[in-house]
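Here's the letter readout for the chains.
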Amino acid sequence: MHYANTIQAAQLKKHVYTLASDEFEGRETGTAGQDKAAAYISTYYESLGMKPANNSGWYQTYPLKRETNLGSRAETMNQKFTFPDHFYFFGMDAMELQTKQIVFAGYGIRDKRHNDYKKIQNLESNTWVMCLQGEPINKKGKSKITGSNETSDWNDDIFLKAEAARKAGASVLLVVNTNYEMYMRRVRYWLEQPRMILERDQKKTDANEIPIIYVSPVFANALLKESGVTVESIQEKLNKGKMTKPVVLQESVLFHVEQKVERIEAENVLAFIEGSDPKLKEEVVVVSAHYDHVGIINGQIHNGADDDASGTSAAMEIGEAFYTAAKEGKGSRRSVLILHVSGEEKGLLGSEWYSDHPVYPLTTTVCDLNIDMIGRIDPEHKDSNYVYLIGSDKLSTDLHRISEQCNQTYTNLVLDYTYNSPDDPNRFYYRSDHYNFAKHNIPVIFYFSGVHEDYHKPGDDAPKILYNKMETITRLVFHTAWDVANRDQRLKVDVISDFKN
Ligand SMILES: [Zn+2]
């Protein structure tokens, strides 16, 4: 498709050099640098003659909270605990919480196959419930709730457990994270920084919602000390499929939640190219890339040339190619949305917001082709002519086939599927914005050229990017998007995903 030729290394280079210049201060979400990047992207589309698709302009603005922990701590009768060494939480304003009675309710599940609340109801006022994270899983890895290797919603959605606890009369839910140390290794840094979370949707927020605090097994066992049981003994019994009696603890516990909470806004930038076929233009092919990065850390600007000025620039050029075709009366039959999200480095927040508040309905969203880091070469490869593809075969055999065919016909890259395995310890499938589409059963491909020594370091700079490589990968994404946007049949979703969070 000759519009692919409008995608040129020189233009990609110009965008990367601009977005990854010091002027943009590392594009951290919620800062002036991010705003500048958003303006650069939308101004570019405007300069091409494009118009914002909806009345609200180029931006989808979404609300965030920035929380800074100021030394939250907890006290029991004779011990003190600190954040995040032994407990953590998300999205709580500064407050004090105190109780004299806690009920340990197993896994905190209220389900036909496993009900921890059989003997727990009408709790006295200001009683807290404590429960284990997850659900009963036997030695063979089978969930007691689903009877298979798949976990249930009780495992995945903490708000279900909070609701069950609230219905029993609890005023706070303590959740014992039995993998506390392993989890902390991953998130401690993030918990100790000022961190961002989405302001929860008013619509979804239940006025009666109760606070959720995660505690370590050490903390929980200190509370259980007089009871004759431990977190481990309860968990072992429950995992064998047995039930445990609720344990009532007469313990005084006090949490001082000391947090500064600032409310801020961030933007996704949306460029929409309407399809030419009246019957198909309701259907939307999404090409996404995050334009935010990690900002200034210890006084050093992290320019994020590869992560993800590379994907951002690629998406802009793909947008230009589709727009040029449309302008010349040869546009794609389906519509195309170039979705530039922010908040990725804070936990995929911009794409989560978009998929919760889709500007174009998810039911008519055909796929998401997500580009995150395509400008470097990783230590696993000697030749730069490759790209990792992740997710292409996970929901739609059509998409995988189209992607392979486009590469064969046009780009001849080595398509590396190393990270496509669900068991891959890097878990890349969950780590960029496509995941917020995949979780809604929308087929995705994640394009990625791997991590390198400058990943999330100040050295991720524009001169180190391989612009010819970028051009080839960008063209592959374009050809794939073009095929998906023009074929008679919408992509079939015909694979049951083996991924679960
Ligand atoms: Zn990234």
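It should be noted that the structure appears before, not after, this text.
Let us look at the structure shown here. Given the structure is predicted, the values throughout are model-derived calculations rather than measurements.

A few words now on the packing of helix α2 (residues 32-48) against helix α8 (residues 305-327). Contact geometry of α2 with α8 gives a least axis separation of 11 Å together with a crossing angle of 20°. Taken together, the axis directions place α2 and α8 in an arrangement best described as roughly parallel. Between α2 and α8 the crossing geometry is right-handed. Here α2 contributes Tyr40, Ile41, Tyr44, Tyr45 and Leu48 to the contact with α8, which in turn contributes Thr312, Ala315, Met316, Glu317, Gly319, Glu320, Tyr323 and Lys327. Across the contact of α2 with α8, the residue classes tally to eight nonpolar, two polar and three charged.

As a further point, take the coordination of the zinc ion. The protein atoms that coordinate the zinc ion are His290 (NE2), Asp307 (OD), Asp372 (OD) and Asp372 (OD), at distances of 2.0 to 2.5 Å. Around the zinc ion sit four donor atoms, and with donor-metal-donor angles ranging over 54 to 149° the site reads as irregular.

What follows concerns the side chain of Ser449. Residue placement: Ser449 occurs in the loop between β21 (444-448) and α12 (467-486). Among the residues examined, Ser449 registers a relative accessible area of 0% and is labelled buried. From its side chain, Ser449 meets the backbone oxygen of Arg376 in a polar contact 3.2 Å long.

All right, on to the pattern of salt bridges then. Counted by the stated rule, this structure contains 23 salt bridges. A salt bridge links Glu258 to Arg73, with the shortest nitrogen-to-oxygen separation between them at 3.1 Å. Placement of the pair is Glu258 in the loop between β12 (253-257) and β13 (259-273) and Arg73 in strand β2 (residues 73-75), with a sequence separation of 185 residues. A salt bridge links Arg188 to Glu192; the shortest N-O distance between them is 2.8 Å. Taken together, the residues Arg188 and Glu192, both in helix α5 (residues 180-192) and four residues apart, mark about one turn of the helix. Residue Glu192 is classed as partly exposed on the basis of its relative accessible area, which comes to 45%. Residues joined by salt bridges that share partners form a network here, namely Lys65, Asp93, Glu199 and Arg263.

The next thing to look at is the packing of helix α1 (residues 9-19) against α8. Two numbers describe how α1 lies on α8: the axes approach to 9 Å, and their chain directions differ by 135°. Put simply, α1 runs oblique to α8. The handedness of the crossing between α1 and α8 comes out as right-handed. Within the contact between the two elements, α1 uses Gln11, Leu12, His15, Val16 and Leu19 and α8 uses Ala305, Ala309, Ser310, Thr312, Ser313, Ala314, Met316, Glu317 and Glu320. Residue composition of the contact of α1 with α8, by class: seven nonpolar, five polar and two charged.

Right, let's get into helix α9 (residues 349-356). In terms of burial, α9 is a largely internal element, six of the eight residues being buried. If you follow the buried residues of α9, they end up packed against β1 (59-69), β9 (195-198), β13, β17 (335-341) and α11 (435-438).

So, about the sheet that holds strand β3 (residues 80-82). Spatially, β3-β2-β12-β5 is the arrangement adopted by the four strands of the open sheet, whose pairing is antiparallel. The sheet is open, and its two edges are formed by β3 and β5 (95-99), each paired on a single side. Each strand of the sheet is rotated relative to its neighbour by a mean of 15°, with strand direction disregarded. Note that β2 and β12 share three bridges and pair antiparallel.

Parameters and conventions
Residues numbered from 1 in each chain as written. Predicted model: local features only at pLDDT ≥ 70, side-chain atom pairs only at ≥ 80, totals over all residues. Heavy atoms only, no water. Axes fitted to C-alpha atoms, helices over the stretch in contact; angles between N-to-C directions. Helix = DSSP H or I, 4+ residues; strand = E, 2+ residues; numbered from the N terminus. Parallel < 35°, antiparallel > 145°, perpendicular 65-115°, else oblique. Left-handed = near helix turned anticlockwise from the far one by under 90°. Contact = heavy atoms within 4.5 Å. Nonpolar A, V, L, I, M, F, W, Y, C, P; charged D, E, K, R; others polar. Donors = N, O, S within 2.8 Å, 3.2 Å for Na, K, Ca; no water. Tetrahedral: all angles 85-135°; square planar, octahedral: opposite > 155°, others 65-115°. Buried < 20%, exposed > 50% of the residue type's maximum accessible area, 1.4 Å probe, protein only. Polar contact = N/O pair within 3.5 Å; in protein donor to acceptor, adjacent residues only side chain to side chain. Salt bridge = Lys/Arg side-chain N within 4 Å of Asp/Glu carboxyl O. Pairing = 2+ DSSP bridges.

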